Amino acid sequence: MATAREPDVTAEFGGERNVAQLHKISRDFRSDTLTVPTDAQLRAAATATRGDDVYAEDADVCALERRIALLAGKEACLFAASGTMTNQLAIRSHLVQPPHAVLVDARAHVHQYEAGGIALFSQATTHTVSPRGEHMTAEEVEGALQLGSDVHRAPTRLVCLENTLSGIVFPQAEIVKIAALVHAHGIPLHLDGARVWNVAARAADERGLGTGEDALRTVLSDLLAPFDSASLCLSKGLGAPIGSALVGPKKLVDRARWFRKAFGGGWRQAGSLAAMADHAITHHFPRLAGTHALARRLAAGLEDAGYTLAAPVDTNMVFFEPPRGITVDAVGQALAALPDPIAIAGNRCVLHHQTSAAAVDEFVEVARRLVEEAGEVGEGREGREGPERKRAKLGY
Ligand SMILES: Cc1ncc(COP(=O)(O)O)c(C=O)c1O
């Protein structure tokens, strides 16, 4: 018989306010960044080392960086404040001298949601691909590379992929093809792997490897092998309160460490943050397969109630389209009006390791009730408006 999990937050250690916060976010589907640090994470923080990381003298930060580099199969790692920071540090460190361009998926976080960082920090332009399918293909990348000497065009000096994007797993075979293509032209490949832990969890699950350190190293290093660098968020699916890791060759990571200082991101006694992130890798990575199962349960429940899915549910995100007569806003309002409210933002539902199964079931119940109230279920929006509309609504 499965034993019940210890509560992540107790009144004795975390206080009633944080017990209430944990309950609230267990019903919040807006993002996987909303997870609360557990009592165990904070205990680990309390005994963390207290050296100065700008001098690279904090033992726990150094140990975390060594651990992640090993897991990723890369030479070096830099622990920094956010996914935006590790993406932008990577991009800045790869690029040398304008004119230059970064090739990205038009929906990519580095392009759309990092406050114009590529232009600001790297003086680079972005060239975008709007994929015909769910992800960019090697053929599409090839068509968009700027390789010639036409002075009107900034040359491609970096290609960035994102895995997952909209919770969808990027097929590894296509990544390998893209890597071979860009490397043949001497162009490096960076991964925004904010949620690549979810891909790793899925791969470990499918391969029956378990969730231990060896399994994680096997799947993560395979996933990252085609990339020259990768940014791995620790504060999304894994549930660290803060932090992201940049992995790659030592020379690149050393350069990124320099830029991190210049960007004002050098942090001093960061050991407690490293300890919480380290705890998250050990104790929360094994929870991700359960999070994915819960996402599938939500998706199946919604489909059964007459909703359509706007994207495959590969990991922890569910994009839904209501049947005719029901709007996404109406679903959000009905969930928010529950005595114990459930929060969503638009039609993107993101699950995390503290999402409760009860919230998933209540969500489905509300969705079903709306359909019953609306009468006959019509044709889904997706059916009427086609895949172009679906894709336009998908984002990171
Ligand atoms: C795909 C992706 N990349 C990067 C980031 C940036 O992470 P952060 O919020 O830590 O800057 C996010 C954040 O949501 C993301 O979803």
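See above for the structure.
Since this is a predicted model, take the numbers as computed values, not measurements.

Undergrad: Can you tell me about the site of the ligand, naming the residues and giving the values?
TA: Lining the immediate surroundings of the ligand are 13 residues, of which G83, T84, D192, R195 and K236 lie closest. In this structure, D192 approaches the ligand through a side-chain N or O atom, which is 2.7 Å from a nitrogen atom. Protein contact buries 85% of the 390 Å² of open area that the ligand shows by itself. Here the shell around the ligand takes 3 residues from helix α5 (residues 83–94), the largest share from any one element.

Undergrad: Please give an account of the sheet that holds strand β5 (residues 189–192) that cites residues and values.
TA: Spatial ordering of the open sheet is given by β1-β7-β6-β5-β4-β2-β3, a layout of 7 strands whose pairing is mixed. Edge strands, defined here as strands with exactly one partner in the open sheet, are β1 (76–80) and β3 (125–129). Mean inter-strand twist for the sheet, computed between neighbouring axes without regard to direction, equals 20°. When β1 meets strand β7 (residues 244–248), the two strands line up antiparallel, connected through 5 bridges. Within β7, the residue paired with C77 across the bridge is V247.

Undergrad: How would you summarise the sheet that holds strand β10 (residues 348–350) if you had to cite specific residues and measurements?
TA: Read from one edge to the other, the open sheet built from 3 strands follows the order β8-β9-β10, with strand pairing classed as antiparallel. Of all the strands in the sheet, just β8 (308–309) and β10 have a single pairing partner and so form its edges. Examined bridge by bridge, strand β9 (residues 317–321) and β10 share 3 bridges and lie antiparallel to one another. Of the residues in β10, the one forming a bridge with F319 is R348.

Undergrad: Residue-level account of the packing of aromatic side chains, with values.
TA: Applying the stated criterion to the full structure yields 6 aromatic pairs. For the ring pair F79 and W267, a centre distance of 4.9 Å and an interplane angle of 45° mean the geometry is tilted. Placement of F79 in strand β1 and of W267 in the loop between α12 (250–262) and α13 (271–284) is noted, with a sequence separation of 188 residues between them. We classify F79 as buried; its relative accessible area is 1%. Taken together, a centroid distance of 6.3 Å and an interplanar angle of 90° make the contact between F320 and F363 edge-to-face. Pair noted here: F320 is in strand β9 and F363 is in helix α16 (residues 357–374), with a separation of 43 residues, a long-range link. By relative accessible area, F320 is classed as buried at 0%. Clustering of aromatic rings is evident, with ring pairs tying together F29, Y307, F320 and F363. Against the face of F13 rests R43, its NZ or CZ located 4.3 Å from the ring centre.

Undergrad: Which residues make up empty space enclosed by the protein, and what values go with them?
TA: Scanning all chains against the criterion turns up 1 cavity of 30 Å³ or more. Reported here for the largest cavity is a volume of approximately 90 Å³. Around the largest cavity, the lining residues are D105, R107, E134, H135, M136, C160, L161, E162, L165, I168, V169 and F170. A total of 3 residues in the lining of the largest cavity trace back to one element, the largest contributor, which is strand β4 (residues 156–162). Looking at the lining of the largest cavity residue by residue, the classes come out as 7 nonpolar, 1 polar and 4 charged.

Thresholds applied
- Residues numbered from 1 in each chain as written.
- Predicted model: local features only at pLDDT ≥ 70, side-chain atom pairs only at ≥ 80, totals over all residues.
- Heavy atoms only, no water.
- Near = heavy atom within 4 Å.
- Polar contact = N/O pair within 3.5 Å; in protein donor to acceptor, adjacent residues only side chain to side chain.
- Areas by Shrake-Rupley, 256 points an atom, 1.4 Å probe, with all protein chains shown as cover.
- Helix = DSSP H or I, 4+ residues; strand = E, 2+ residues; numbered from the N terminus.
- Pairing = 2+ DSSP bridges.
- Axes fitted to C-alpha atoms, helices over the stretch in contact; angles between N-to-C directions.
- Phe/Tyr/Trp six-rings, centres within 6.5 Å; stacked < 30°, edge-to-face > 60°.
- Buried < 20%, exposed > 50% of the residue type's maximum accessible area, 1.4 Å probe, protein only.
- Lys NZ or Arg CZ within 6 Å of the ring centre and 35° of its normal.
- 1 Å grid on protein atoms, 1.4 Å probe; cavity = no way out; pocket = protein on both sides within 12 Å on 5 of 7 lines; lining within 4 Å.
- Points joined across faces, edges and corners; volume = space filled by probe spheres on them.
- Nonpolar A, V, L, I, M, F, W, Y, C, P; charged D, E, K, R; others polar.

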